[in-house]
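Reading the structure
Here's the letter readout for the chains.
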Amino acid sequence: MAGSRVQCWANSDGIAGYRRPMSEPDADLPPPAAVIFDLDGTLVDTVGARIEAWLAVFAESDIPADRRHVAELIGADGRRLAREVAARAGIELEPGRDEAIDARCGRIFAELNQQPRPLPGVDEIIGKLASARVAWAIATSSRREQVKTSVDALGLATHPLIVDGSHVEHAKPAPDLLLLAARELDAEPPRCWYVGDATWDMLAAVAAGMVGIGVTTGAVDAATLRGAGASHVVATLAELEV
């Protein structure tokens, strides 16, 4: 299973890195010093809007795109997503076009993402973290301007620490976002949980040396999350104990 596989991530320049997942799936979880969450598909129900935004921008750009392929790429760096979908269609994007497509997708997403809803279990896990006095943050590949509406939908009493795609050179599946969040929380990466719904979240967690916890509220199933290196998989965040 995932504990014996070598996992791979590549940054936006195509530079690959390899590490083995930290533990066997569903192993006993070590108590976290800090918990870092993905945003889309993990805390808020926005994956559908993300998919629709990408399909719309590819249609505008005359780039054939398959819905399932796009769904599997949700959570990755947007520039990488644009390049991978274009490459599958036999199209090589000229320099800078991946950035332009990503930015346009963000604007379409903002139009679609007017009333996002928190996903089940968000209130429960935030309450558990508060009771246990465990620090937490959000680390998302999303652009800064795309984050506010989704975070506001969570109805939190205080604004959380957020590390977004504008804070690092390489977003997921590279570990940069997660490592920056850990530094901001003053927590050692091996003592952090990273909770996410996508393959890219688990690959980033493995690359960062964190405990990857998958939640099946996004576009991929438990087996896919385990195959990407998840140490544990839950159906909702309410199942997590800290």
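Structure: see above.
Reading the values: the criteria
Residues numbered from 1 in each chain as written. Predicted model: local features only at pLDDT ≥ 70, side-chain atom pairs only at ≥ 80, totals over all residues. Heavy atoms only, no water. Salt bridge = Lys/Arg side-chain N within 4 Å of Asp/Glu carboxyl O. Helix = DSSP H or I, 4+ residues; strand = E, 2+ residues; numbered from the N terminus. Buried < 20%, exposed > 50% of the residue type's maximum accessible area, 1.4 Å probe, protein only. Phe/Tyr/Trp six-rings, centres within 6.5 Å; stacked < 30°, edge-to-face > 60°. Lys NZ or Arg CZ within 6 Å of the ring centre and 35° of its normal.

A separate point is the pattern of salt bridges. Under the criterion given, the structure shown has 15 salt bridges. In this structure, Lys 172 and Asp 38 form a salt bridge, with 2.9 Å as the shortest nitrogen-oxygen distance. Taken together, the residues Lys 172 in the loop between strand 5 (161-163) and helix 7 (176-185) and Asp 38 in the loop between strand 3 (34-37) and helix 1 (47-60) connect sequence positions 134 residues apart. Each member of the pair, Lys 172 together with Asp 38, is buried. A single network of salt bridges, built from pairs that share partners, joins Asp 38, Lys 172 and Asp 201.

Another point: the packing of aromatic side chains. The full count for this structure, using the stated rule, is two aromatic pairs. Centroid distance Phe 37 to Trp 136: 5.8 Å. Interplanar angle 80 degrees. Geometry classified as edge-to-face. Remark: Trp 136 occurs in strand 4 (residues 135-139) and Phe 37 occurs in strand 3; sequence separation between them is 99 residues. Each member of the pair, Phe 37 as well as Trp 136, is classed as buried. On the basis of an interplanar angle of 25 degrees and a centroid distance of 5.5 Å, the ring pair of Trp 54 and Phe 58 is categorised as stacked. Taken together, the residues span about one helical turn, with Trp 54 and Phe 58 both in helix 1 at a distance of four residues. Each member of the pair, Trp 54 together with Phe 58, is buried. Directly above the ring of Phe 109 sits Arg 50, whose terminal nitrogen or CZ lies 3.6 Å from the centroid.

This brings us to unusual backbone geometry. Of note, the bond from Lys 172 into Pro 173 is cis; its omega dihedral lies within 30 degrees of zero at 20 degrees. With respect to the helices, strands and loops of the structure, Pro 173 is situated in the loop between strand 5 and helix 7. Of note in the backbone geometry, Arg 133 takes a positive phi value of approximately 55 degrees without being a glycine. Among the structural elements, Arg 133 can be located in the loop between helix 5 (122-132) and strand 4. Located in the positive-phi region is Asp 186, a residue other than glycine, with phi close to 55 degrees. Residue placement: Asp 186 occurs in the loop between helix 7 and strand 6 (192-196). Assessed through its relative accessible area of 73%, Asp 186 is described here as exposed.

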